[in-house]
Amino acid sequence: MMSSLYKSLLLPCFFLSSASFAQTFKVVPLGVKGGIDESNLSAYMVAPYASNSYICLDAGTLHAGIQKAIDRKVFKVPVEQVLKQYVKAYFISHSHLDHLGGLIINSPEDTSKTIYANADCIDVFKNNYFTWKAWANFANEGEKPQLSKYRYQVLMPGNEVNVAGTNLKVQAFVLSHSNLQSTAFLVNSNNNYLLYLGDTGPDEIEKSQNLQKLWQSVAPLIKAGQLKALMIEVSFPNQQPDKTLFGHFTPAWLMKEMNKLSQLTGVVALQKVNMVITHVKPPQSHILRIKEQLKTGNNMHLKLIFPEQGKMMKF
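Presented here is a report on the structure given in the accompanying data block.

The rules behind the values
Residues numbered from 1 in each chain as written. Predicted model: local features only at pLDDT ≥ 70, side-chain atom pairs only at ≥ 80, totals over all residues. Heavy atoms only, no water. Helix = DSSP H or I, 4+ residues; strand = E, 2+ residues; numbered from the N terminus. Rg over C-alpha atoms; globule rule 2.2 N^0.38 Å. Buried < 20%, exposed > 50% of the residue type's maximum accessible area, 1.4 Å probe, protein only. Areas by Shrake-Rupley, 256 points an atom, 1.4 Å probe, with all protein chains shown as cover. Core = buried A, V, L, I, M, F, W, Y, C linked by side-chain atoms within 4.5 Å. Contact = heavy atoms within 4.5 Å. Pairing = 2+ DSSP bridges. Axes fitted to C-alpha atoms, helices over the stretch in contact; angles between N-to-C directions.

## A short note on the overall build of the protein chain
For the protein chain, the count of helices and strands is 10 helices and 14 strands. Rg of the C-alpha trace for the protein chain: 20 Å, near the compact-globule value of 20 Å for 315 residues, within the 12% margin. Referenced to the eigenvectors of the C-alpha coordinate spread, the extents of the protein chain come out at roughly 80 × 45 × 40 Å. Of all 315 residues assigned to the protein chain, the portion counted as buried reaches 54%. Taken as a whole, the protein chain presents about 14,200 Å² of accessible surface, with 54% of it coming from carbon and sulfur.

Structure follows, in structure tokens:
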């Protein structure tokens, strides 16, 4: 009798403990859209669940997104403290302004950090953005004088880097974005993973094998239950002609790629991954259509998540 009572008392504690260990990442979307809304462009703060040491995956919007998160009670400190102290590094997927404009605009008020990106992206920073005609050179390379607030680090595909000031490691993968190289970032927190893809289109349209190589690399993590979230763009509704996708996804094309991924992982394993849909492009009527088409085309019953600016997600 005592043994049964003891077990019944322990059981809720066991489930509570298990639940607390299940979440390994927290993600704060600072911007969730592509396109014309400069107050809500691609940027995601990511940290281990029990930490306030974040990296920022893309940085299209910073200040407005942090303020939105404060309004939603995610942060209880001023915008400046989040920007200067919580964000430890930037990982920029490619050189388009809707993925890095917030970093440039906020640079005068920021603190010293590393900007991680592919070589082409860093060249654009050096030659086009952080120049004294366009803005000011807050980085450690490029036009002189160099203010050296930011330090550039070129990411070599396949190499995992330790991010200073955090307990995170990040590995880069090459993506194709029309005529531009983009990047996927695989974030590692104690052998639990989150995968963020910058802008990209399906292999068939991009005439590439980059996504297939990425799927082959992360499939073992999915089968082992280690990939907690996959963040991937869907910019246009299905009505967008293939010839004007310009390196982006529609709902139908995304589901075709997820079917390819499921052939490597099995559908059941893929169903356990949080599928976060990023970079939806205005107008709002198109965004609503994208969401509806994703839901109706989700024959594999994937766990689709539509992030909201400033609303924390936990994985």
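That was the structure; now back to the text.
## Details of the side chain of glutamine 293
Position of glutamine 293 relative to the elements: it lies in helix α10 (residues 284–296). Given a relative accessible area of 14%, glutamine 293 falls into the buried group.

## Some points on the nonpolar core
Of all hydrophobic cores here, the largest spans 37 residues; its most connected members are Leu195, Leu197, Leu214, Trp215 and Leu230. With six residues, the top contributor of residues to this core is helix α7 (residues 210–223). In contact with leucine 195, other than residues within four places in its own chain, are Ala184, Phe185, Leu186, Leu214, Trp215, Val218, Leu227, Ala229, Leu230 and Met231. Leu30, Leu83, Val87 and Phe138 belong to the second-largest nonpolar core, a separate cluster that totals 36 residues.

## A look at the sheet that holds strand β12 (residues 274–278)
With mixed pairing, the seven strands of this open sheet are ordered in space as β7-β8-β9-β10-β11-β12-β13. Edge strands, defined here as strands with exactly one partner in the open sheet, are β7 (160–162) and β13 (303–305). Averaged over all pairs of adjacent strands, the angle between strand axes in this sheet comes to 25°, irrespective of strand direction. In terms of strand pairing, strand β10 (residues 192–197) meets strand β11 (residues 227–233) through four bridges, oriented parallel. Each residue of the ladder has a partner; that of tyrosine 193, found in β11, is leucine 227. Lying on the sheet, helix α8 (residues 251–265) is in contact with β11, β12 and β13; it crosses β11 at an angle near 150°.

## Notes on the sheet that holds strand β5 (residues 113–117)
Strand order across the open sheet formed by seven strands is β6-β5-β4-β3-β2-β1-β14, with mixed pairing between neighbours. Strand pairing shows two members of the sheet lacking a second neighbour, β6 (150–154) and β14 (313–314), which therefore form its edges. As paired elements, strand β1 (residues 25–31) and strand β2 (residues 43–48) share six bridges and run antiparallel to each other. Its bridge partner being in β2, proline 29 is matched across the sheet by tyrosine 44. On the sheet, helix α3 (residues 79–86) packs against β2, β3 (54–59), β4 (87–91) and β5 and is oriented at approximately 70° with respect to β4.

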